[in-house]
Structure formats: C-alpha cells, structure tokens
Amino acid sequence: MLAPSVIEAIRQQLCGYATLAIDRQTGQRKERDFHIEWLLTELTGCEAATLVNNNAAATLLTLTALAAAKEVIVSRGQLIEIGGGFRIPEVMAQSGARLVEVGTTNRTRLSDYREAIGENTAIIMRVHPSNYRVVGFTADVPLADLAALAHERRLILVDDIGSGALHDMRRWDLPEEPTVLASLKAGADLVLFSADKLLCGPQGGLVVGRRELVERLRKHPLSRALRPGKLAILALERTLQLHLRPELVDQTIPAYRMLTRPLDHLRKDAETLATRIREAASGVEAGWRDDVSYMGSGSLPVCEVPTAVIWLRSKRWRASGLSKKLRLHDPPVIPRVEHAEVILDLRTIDPADYDVVVGAVSSVACPTCPVGGSDSQEQEGQGRR
Ligand SMILES: *Cc1c(COP(=O)(O)O)cnc(C)c1O
C-alpha cells in the first residue's frame, strides 16, 4: 500500500508530462535515478545509489558485474531461501560467480572467512536471515570485522540486508532490524535491500554504497534489462521524501500507521465492529479478543505485534467456506481461518474500510439468500451446525 500522497503524484504523472530523464537546470539527459540517489545520500550517508526491479535483481546485478568467474564467500548460516523460491546459491550460480561456503548453519567465525580467501576471491557477502531465526548455540561475525578483513585483502564487502529499514525500528517499539545507515557505517561497500518491505515504496531493489562500484553496476549491460519503469521511480522518490521526516512516518506511511496504532484503539474498534456485524449479519456470531499480528514479507519474522481480532462463526457455513465467500466478495476481504473461526485482524484494517467489512460480512452471510451457485464448494457445511 503506497502513501496517498505518492498515489496522487503517480496520478498526476499519468495525466501529464514526465521530466524523469532530463536535468532541468541544463536541459541535458541525466541518470533516471538521479533524484533517488540524492535522497538516499541524505537518508543513509551513501555516496551513490541505483534502483533495479527488486532485491533479487540487485543481487544478480551486483554479483554479475563484480564477481562473474570469481569467488564470493558466504556463511552457511546465510544461504537463505525467501518467499517464491528465491535462493541465494541459485542466484549466485546464475551470475557466474562461484559460491564459497564457510562455517556451519549455526556458527561461523572470522577465521573461517580468512581461510577461505584465495587469489580468485572478489566479494565477501553477508545475507540477512530476513524470514527466520537461528537461536541457541550460535555465532556470527560482526559486520565491522568482516569489513576490516575484506579491506585488508582488497575485497568488496556486500551486505544484503533484505528489508531495508531506514530508521531504527525501536523508535516504534518494534524489534531492531539492520538499517542501511548502520551497515554503511560498519564498512559495507555496497548495501542491497528491497524498496517494498520496511521502506514501503513500490517493488524495487536498491544498491547503495561506494560510487565507483555503483557506476560499475550502472554500466553493466544487465542493468538496462533490470531497470524499473518511470512510475516505480517516481513512487520511490516520493516515498523516500516521506522518510526524510521520520517523526511523521507513522502518520504519512500507511503500514507504519497500522503497525503503531495503540492497542486500546484497536480493542475499542473491535468491540464496536463486532457489535455492528452481529446486528447487520444475522446468522453470524461475532466477537473479539486480543491476539498477535506478524509482519511477514521477510521482515521481523519473530516479532509479535499485539492486536485485537474479530472472530466470526456462521451457523450455515464452515469457516473455510465463509472465508472463501469473503475472498470472492467485491471488494475482496481476506481473513485468516483459525480452528473453526474466521479471523479479521484489526491491525490490518484501515478504519476508513470498516463499513466495507461490515457490508461484506452481512452480504455473504445472509441467511435468506439462496445457497450455493455453480460452485458447490460454497455449499460445504450446510446443515452441519
Ligand atoms: C526479501 C529479500 C530478498 C529479495 O528481495 P525482493 O525485493 O523480493 O526481490 C533478498 N534478500 C533478502 C535478505 C531478503 O530479505
């Protein structure tokens, strides 16, 4: 979900003319990601930045341009797979770089990296385990130590931090996530991250860091194939502008607004909404309770954010059937099913959409409406309760 001001900028762009690739001072052609680069230097202290279609593309481009036919050292604890089957070792193979694995799943030491460096090594790469945690008997190497080793041996240190937090998440009582700034400060030469996770921009992948390296990526033929369209560039530019005012981010960016809504507001709204649903949708039992939300999308995997949820039970439909009807409603409402209940998480619903939710539940649960239609699945559970 993009911020309303970002959507308005896109609307204007679609209706008018684009100055994307022109330097208005000189009238000359310029890099398309010129403004984005300037904003990221302000936000993260980087020298240079470039945007591609997603972080997978950023990884592929970085490895291809800087390490094809060379070796890249990665800890075995960081050879991750993220959603949709994106696997670090497979991207590495695609780039033509040779993966050199060091350490073990739970423990990797600086000496493991040191011993793996050879004549053909180009990069030491760290990958943030975005969507899982290894706990217990574990050890990994602080980024600053990796940076010292890499630079002593004239290697490039690449840090794939995944979710791309621009601010310390503890500011909003959320668990710490690696920030772009901290990674650059610790000595990473290039930092890779998604534009659409904690940054809340359009789909995109950012590479920020040393100018000379970013220029090598820009000049590589693959960068043309991976470059985003002008609407994505504009959406990112406007989203980054919102991040320049971190104290307002929990108001200007919808996901942050939802993440930071106080629990007592959610509880109060849950109670009101459950009552409205009971009144509007006969045949549905509804109530509310406390629960937890998860961030998902490769950020904060073990973080439980307190929330209030509404539970629904129908006398007529099983939870899976009721949930399917809500998904097929126009506009769709996507709940989760837990045990025999349909669950609506208030932290994920904009108050502006409460009426839509009540309307959807009452229309799909209507007891006098004819059962079924062509889809026999919808009839499951009929008469069983
Ligand atoms: C999410 C993620 C990626 C892939 O990012 P996309 O923008 O979805 O391609 C790569 N590396 C890490 C560590 C991630 O968390």
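By convention here, each chain's residues receive numbers from 1 onward along its written sequence. Residues qualify for local features only when their pLDDT is at least 70, as the model is predicted, and side-chain atom pairs are given and counted only at 80 or more; totals for whole chains, interfaces and linings, by contrast, use all residues. Processing note: side-chain calculations cover all non-hydrogen atoms of the structure and skip hydrogens and water entirely.

K.L.:
Explain the site of the ligand to me, using residue names and the numbers behind them.
P.N.:
As a structural note, the neighbourhood of the ligand is formed by 13 residues, with Asn55, Ser130, Asp160, Ser194 and Lys197 the closest of them. With respect to the ligand, the backbone of Asn55 contributes an N or O atom lying 2.8 Å from an oxygen atom. The term polar contact refers here to a pair of N or O atoms within 3.5 Å; inside protein, the definition further demands a hydrogen-donor-capable atom paired with an acceptor-capable atom, and it admits residues adjacent in sequence only when both atoms are side-chain atoms. In the environment of the ligand, an oxygen atom lies 2.8 Å from a nitrogen or oxygen atom belonging to the side chain of Lys197. Mapped onto the shell around the ligand, the elements with two or more residues apiece are helix H3 (55–67) and strand S7 (156–162). The residue inventory of the shell around the ligand, partitioned by class, reads 5 nonpolar, 6 polar and 2 charged. For each residue, the test is whether any non-hydrogen atom lies within 4 Å of the molecule or strand; if one does, the residue is near. Only DSSP runs of H or I with at least four residues qualify as helices, and only runs of E with at least two residues qualify as strands; both kinds are numbered from the N terminus onward. Each residue is assigned to one of three groups, with Ala, Val, Leu, Ile, Met, Phe, Trp, Tyr, Cys and Pro labelled nonpolar, Asp, Glu, Lys and Arg labelled charged, and all others, Gly among them, labelled polar.

K.L.:
Kindly report on the pairing of strand S8 (residues 190–194), identifying the contributing residues and their values.
P.N.:
Side-chain direction in a regular strand flips from residue to residue, so the side chains alternate between the two faces of the sheet. Counting buried residues in S8 gives 5 out of 5 residues, a clear majority hidden from the surface. With a 1.4 Å probe rolled over the protein chains alone, any residue whose accessible area is under 20% of its type maximum counts as buried; one over 50% counts as exposed, and the rest are partly exposed. In S8, alternate side chains face the same way, and those of Leu190, Leu192 and Ser194 on one face and Val191 and Phe193 on the other are all buried. Pairing between S7 and S8: 4 bridges, direction parallel. Its bridge partner being in S8, Asp160 is matched across the sheet by Leu192. The pairing of S8 with strand S9 (residues 205–209) spans 5 bridges and is antiparallel. Bridge pairing in S9 links Phe193 to Leu206. A pair of strands counts as paired when DSSP detects no fewer than two bridges linking them.

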